[in-house]
Amino acid sequence: MLKTFIIHVSKGYEERRQHIDNHLPSVGLHQYEFMLRGDINDLTEEIRNKFFAGSLSLPAKSCFYKHYLVMKEVVQRQIPSVLVLEDDVILPSSFTRDLQPILAELENERNYVVNIEEASSQVPITVRKKGKHLYLCNKNKLTGGLIYDLEFAKKAVKFIESTPQIYTADHWYNEHRHDLKFNLFWSHPTLVKQGSKNGLFSSGISNKQRGYTPAIRAWFRDRYKKYILCNLRQRNINCFKNVPYYTE
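Quick caveat: nothing in here was measured; it's all calculated off a predicted structure. (Residues numbered from 1 in each chain as written. Predicted model: local features only at pLDDT ≥ 70, side-chain atom pairs only at ≥ 80, totals over all residues. Heavy atoms only, no water.)

Participant: Honestly, the sheet that holds strand 2 (residues 33-35) in this entry has me stumped. Any pointers?
Facilitator: By way of backbone hydrogen bonds, the strands of a sheet pair with one another, either parallel or antiparallel. Spatial strand order, 2-1-3-7-5-8-6: 7 strands in an open sheet with mixed pairing. Whereas interior strands pair on both sides, the edge strands pair on one side only; in this sheet they are strand 2 and strand 6 (134-136). Going across the sheet, the axis of each strand differs from the next one's by a mean of 30 degrees, ignoring polarity. Note that strand 3 (residues 81-86) and strand 7 (residues 145-149) share 5 bridges and pair antiparallel. Along strand 7, the bridge assignment pairs serine 81 with aspartate 149. On the sheet, helix 1 (residues 14-26) packs against strand 1 (3-7), strand 2 and strand 3 and is oriented at approximately 155 degrees with respect to strand 2. Contacts from helix 3 (residues 58-77) reach strand 1, strand 2, strand 3 and strand 7, with the element oriented near 160 degrees to strand 1. (Pairing = 2+ DSSP bridges. Helix = DSSP H or I, 4+ residues; strand = E, 2+ residues; numbered from the N terminus. Axes fitted to C-alpha atoms, helices over the stretch in contact; angles between N-to-C directions. Contact = heavy atoms within 4.5 Å.)

Participant: Any chance you could explain the pattern of salt bridges here in plain terms?
Facilitator: Oppositely charged side chains can form a pair if their charged atoms are brought close together. Taken as a whole and assessed by the stated rule, the structure comprises 9 salt bridges. Between lysine 66 and aspartate 39 there is a salt bridge whose closest N-O contact spans 2.8 Å. Of the two residues, lysine 66 is situated in helix 3 and aspartate 39 in the loop between strand 2 and helix 2 (45-51); the sequence distance between them amounts to 27 residues. Comparing lysine 66 with aspartate 39, the two get one shared label, buried. With a shortest N-O distance of 2.9 Å, glutamate 73 and arginine 77 are connected by a salt bridge. In this pair, glutamate 73 and arginine 77 both sit in helix 3, 4 residues apart, roughly one turn of the helix. On the basis of relative accessibility, which here comes to 13%, the residue glutamate 73 falls in the buried class. (Salt bridge = Lys/Arg side-chain N within 4 Å of Asp/Glu carboxyl O. Buried < 20%, exposed > 50% of the residue type's maximum accessible area, 1.4 Å probe, protein only.)

Participant: Just to check I follow, could you spell out a nonpolar patch on the surface for this structure?
Facilitator: A cluster of nonpolar side chains, Tyr224, Tyr227, Ile228 and Leu232, forms an exposed patch at the surface whose accessible area comes to about 450 Å². Tracing the sequence through the fold places leucine 232 in helix 7 (residues 212-232). (Patch = residues over 30% accessible without salt bridge, like charges linked within 9 Å, V, L, I, M, F, W, Y side chains within 5 Å. Areas by Shrake-Rupley, 256 points an atom, 1.4 Å probe, with all protein chains shown as cover.)

Participant: Teacher, can you tell me more about the packing of helix 5 (residues 150-162) against helix 6 (residues 169-180) here?
Facilitator: Packed helix pairs are characterised by how far apart their axes lie and by the angle those axes make with each other. At a closest axis distance of 12 Å, the pairing of helix 5 and helix 6 adopts a crossing angle of 100 degrees. Taken together, the axes of helix 5 and helix 6 are roughly perpendicular relative to one another. In contact with Phe152, Lys155, Ala156, Phe159 and Ile160 of helix 5, helix 6 contributes Trp172, Tyr173, His176 and Leu180. Residue composition of the contact of helix 5 with helix 6, grouped by class: 7 nonpolar, 1 polar and 1 charged. (Parallel < 35°, antiparallel > 145°, perpendicular 65-115°, else oblique. Nonpolar A, V, L, I, M, F, W, Y, C, P; charged D, E, K, R; others polar.)

Right, here's the structure in full:
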């Protein structure tokens, strides 16, 4: 199984810590490491000035910085590839089994990021091929579930440390894919949902709240986006067409 990191705020999010410790072993993930550094209180003026510019909120900066710290760990420990999950993830009971064909397709890949999160979207029906699990794409989704390799992590760490960042963690992958020349894939099927997007948890970054009403709204909204929009909207389909493939 891949080395697994969990993006987690160390104080005030104990419910999410308990969720992870109960949920992940139930789907076959028994070994994982929490990234507890990088909380808002850890973002000194020196860190904020070095790593960030623009108008990102403190929660968004903290989330980004925690993702960066995981990348840094991957580089320092020379971890070949890593699974990174945020602390509100909901995984299917078949997670470890469904992950295997994705990992098999990655055996001949390098310099990659794979988004395994649903995020109310999926690979359009017209793009899918029987027996294929990874699809090169020009667009990232959210950062609730990612797989990436050491080569990408080295590029990302060097880039992040060289210039202040202005994008949230999820948009960062969109804006800098061609700058860093890494390959971005979507998996099909998706393997991760975020509880802060469907009403299970409140979001620390957006204003989305927990509860039955948000959950019901999310249920209808997500299915409309997933089963209708992503299959009919041309701009979604175009994200998988003529995508440059980087070998270095």
